Amino acid sequence: MSIRAGFLGTGSCLPEKEFTNFDMEKIVDTTDEWIQTRTGIKSRRIADDQTATSDLAYGAALKAMEAANISAEDLDMIIVATITPDMHFPSTACIVQDKLGADNASAFDVSAACSGFVYASTIAKQFVESGQAKYVLVIGAETLSKILDFTDRNTCVLFGDGAGAAIIGQVPTGGIIATDLGAKGSGGKFLTVPAGGSRMPASQETIDNRLHYISMDGSEVFKFAVRIMASSSKTVVEKAGWSVDELDYLVPHQANIRIINSAGKKLKLPPEKVHVNLDKFGNTSAGSVPIALDEAVRSGKIKSGDKVVLVAFGGGLTWGALAVEF
Ligand code: COA
């Protein structure tokens, strides 16, 4: 009998400090009304100076391991999806491995921006189903506040910090039935941190020109997102052999309520079947889907046997979807 991979437990970790739209009004030329009507966001969490991405990743990992009832020694692999690693290297996954004492686990990061958790879960599925790993810890974690330009109202109001995690391992029935991953590198320029890599190493000039912060063409990303969220969801549902009517729940990337509503409408899903938490947390990039998933599982919205699609889009440009039977 072939092995099936699925989610054995989930967890999340968010910084305590809330930063509301009213706080944002005090530092940049914006209003709570504009942010809420254009994005659906009311607040977000911001990490303090001492907190790095690996700290949130570690917190989420502990909760996912507890939910799956496994210990650090049981882990065969740790994959961290992030665009805000603690540093270029070592990878954030290696830092988390050390913190956990997961000495039997290999560890690496995945860079697929907001689609990172879906990419990393797809990789984990291959290792579990090929018999090469029993338990894989997959984490989506970000401290985006560290790369936000708080003088740029086009970007700083959209993002927040947080981490979500899952243990992927063998399940008796259901599990991750189908996956859909994609990329469109030609659109990479629409969402980027231009400097700090080998193309444009850090210099006084790059710092003066604020090139170490997120820069974005919002309307191009918006157009892409609206199209891809619905099409990738449809593709993965078809690959799973399901129809959209059978879906119990959609866990979409939390970027903008207008993007989520448009995807829900195109898929003809009623709003109660679509998970939304961006009002509280904003866009936490790779953290977004696993935080929303953890919330939906712990609140009982997702139940055993439910057919669920997780779908994300992000920088790269990238996208990905998972069809999961819980
Ligand atoms: N507060 C007040 N006004 C703002 C603002 C803010 N925070 N940000 C932008 N504006 C202004 C703009 O400057 C523009 O003013 P102008 O017409 O005088 O130039 C006006 O609001 C309208 O801008 P527009 O770009 O048309 O707004 P929009 O309705 O397209 O919404 C985004 C902008 C960024 C919210 C939207 O394009 C979006 O969500 N894009 C996708 C971003 C995303 O998801 N990124 C992450 C991907 S993982």
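Residues numbered from 1 in each chain as written. Predicted model: local features only at pLDDT ≥ 70, side-chain atom pairs only at ≥ 80, totals over all residues. Heavy atoms only, no water.

J.: What should I look at first to understand the sheet that holds strand β8 (residues 175–183) in this one?
T.: Strands pair in a sheet through their backbones, by hydrogen bonds, and they do so in one of two ways: parallel or antiparallel. Spatially, β8-β13-β12-β11 is the arrangement adopted by the four strands of the open sheet, whose pairing is mixed. The sheet is open, and its two borders are formed by β8 and β11 (249–252), each paired with just one other strand. Within this sheet the neighbouring strands show an average axis-to-axis angle of 15°, counted without direction. Looking at chain direction, strand β12 (residues 307–314) and strand β13 (residues 318–325) are connected through eight bridges and run antiparallel. From the neighbouring strand, V308 faces β13, where its bridge partner is V324. Along the sheet, helix α11 (residues 288–298) contacts β11 and β12; its crossing angle with β11, the most-contacted strand, is approximately 145°. (Pairing = 2+ DSSP bridges. Helix = DSSP H or I, 4+ residues; strand = E, 2+ residues; numbered from the N terminus. Axes fitted to C-alpha atoms, helices over the stretch in contact; angles between N-to-C directions. Contact = heavy atoms within 4.5 Å.)

J.: Before we go on, may I ask you to explain the domain arrangement of the protein in this structure?
T.: Frequently, the measure chosen for interface size is the accessible area that the parts lose on association. Here the domain parsing of the protein yields domain 1 (4–173) and domain 2 (177–325). Relative placement of domain 1 and domain 2: their C-alpha centres are 14 Å apart. Taking both partners together, domain 1 and domain 2 bury about 3800 Å²; carbon and sulfur atoms supply 63% of that area. A per-residue breakdown of the area domain 1 buries against domain 2 is headed by C114, V118 and Y119, which together make up 17% of the total. Joining domain 1 to domain 2, the criterion identifies one salt bridge. Linking domain 1 with domain 2 are 21 residue pairs in polar contact (both at pLDDT 80 or more). (Domains from an automatic or database assignment. Buried area = accessible area lost by both parts, 1.4 Å probe. Salt bridge = Lys/Arg side-chain N within 4 Å of Asp/Glu carboxyl O. Polar contact = N/O pair within 3.5 Å; in protein donor to acceptor, adjacent residues only side chain to side chain.)

J.: I'm lost on the site of the ligand in this one. Help?
T.: Around the ligand, the structure places 23 residues, and the nearest of them are T30, R38, C114, G218 and N256. Residue R38 places a side-chain N or O atom 2.4 Å away from an oxygen atom belonging to the ligand. Here a nitrogen atom of the ligand and a backbone polar atom of G218 are 2.9 Å apart. Burial of the ligand by the protein chains amounts to 71% of its free accessible area of 970 Å². For the shell around the ligand, the leading source of residues is helix α8 (residues 218–240), giving four residues. Tallied by class, the residues present in the shell around the ligand amount to ten nonpolar, nine polar and four charged. Mapping the shell around the ligand onto the domain boundaries places at least three of its residues in each of domain 1 (4–173) and domain 2 (177–325). (Near = heavy atom within 4 Å. Areas by Shrake-Rupley, 256 points an atom, 1.4 Å probe, with all protein chains shown as cover. Nonpolar A, V, L, I, M, F, W, Y, C, P; charged D, E, K, R; others polar.)

J.: In this structure, what is going on with the environment of S285? I would like to understand it.
T.: Here S285 lies in the loop between α10 (278–281) and α11. Here S285 falls in the buried class, since its relative accessible area comes to 1%. For the pair S285 and F313, spaced 28 residues apart in the sequence, the C-alpha separation amounts to 9.1 Å. If sequence neighbours within four positions are ignored, S285 has contacts with I83, A113, C114, E142, L144 and H253. Engagement of the side chain of S285 in a polar contact is seen with the side chain of E142, the distance being 3.2 Å. (Buried < 20%, exposed > 50% of the residue type's maximum accessible area, 1.4 Å probe, protein only.)

J.: Looking at this model, I keep getting lost on the pairing of strand β1 (residues 5–13). Mind explaining?
T.: Looking along a regular strand, one sees side chains alternate from face to face of the sheet. Counting buried positions along β1 gives eight out of nine residues, so the element sits mostly inside the fold. Looking at chain direction, β1 and strand β7 (residues 161–170) are connected through eight bridges and run antiparallel. Along β7, the bridge assignment pairs A5 with Q170.

J.: Help me understand helix α5 (residues 116–129), please; the structure alone is not making it clear to me.
T.: Each α-helix turn comprises 3.6 residues. Residues three or four places apart therefore point the same way. Taking 1.5 Å per residue, 14 residues should reach 20 Å; α5 reaches 20 Å between its end C-alpha atoms and fits that length. Burial runs high along α5: ten of the 14 residues are buried. Burial in α5 covers these residues: G116, F117, V118, Y119, A120, S121, T122, A124, K125 and V128. Downstream of α5 by one or two residues, G131 has phi in the positive range, about 80°. (Expected span 1.5 Å × (residues − 1).)

J.: Even after reading the chapter, I still don't get the pairing of strand β4 (residues 77–81), so can you show me in this structure?
T.: With five of its five residues buried, β4 lies for the most part within the structure. By the alternation rule, side chains of β4 split into M77, I79 and A81 and I78 and V80, which are all buried. Across five bridges, β4 lies against strand β5 (residues 106–110) in parallel orientation. Note on β5: the bridge partner recorded for I78 is A107. You can see the chain leave β4, run along helix α4 (residues 92–100) and come back into β5, and the turn it takes is right-handed. (Right-handed = clockwise from strand over helix to strand, strands pointing away.)

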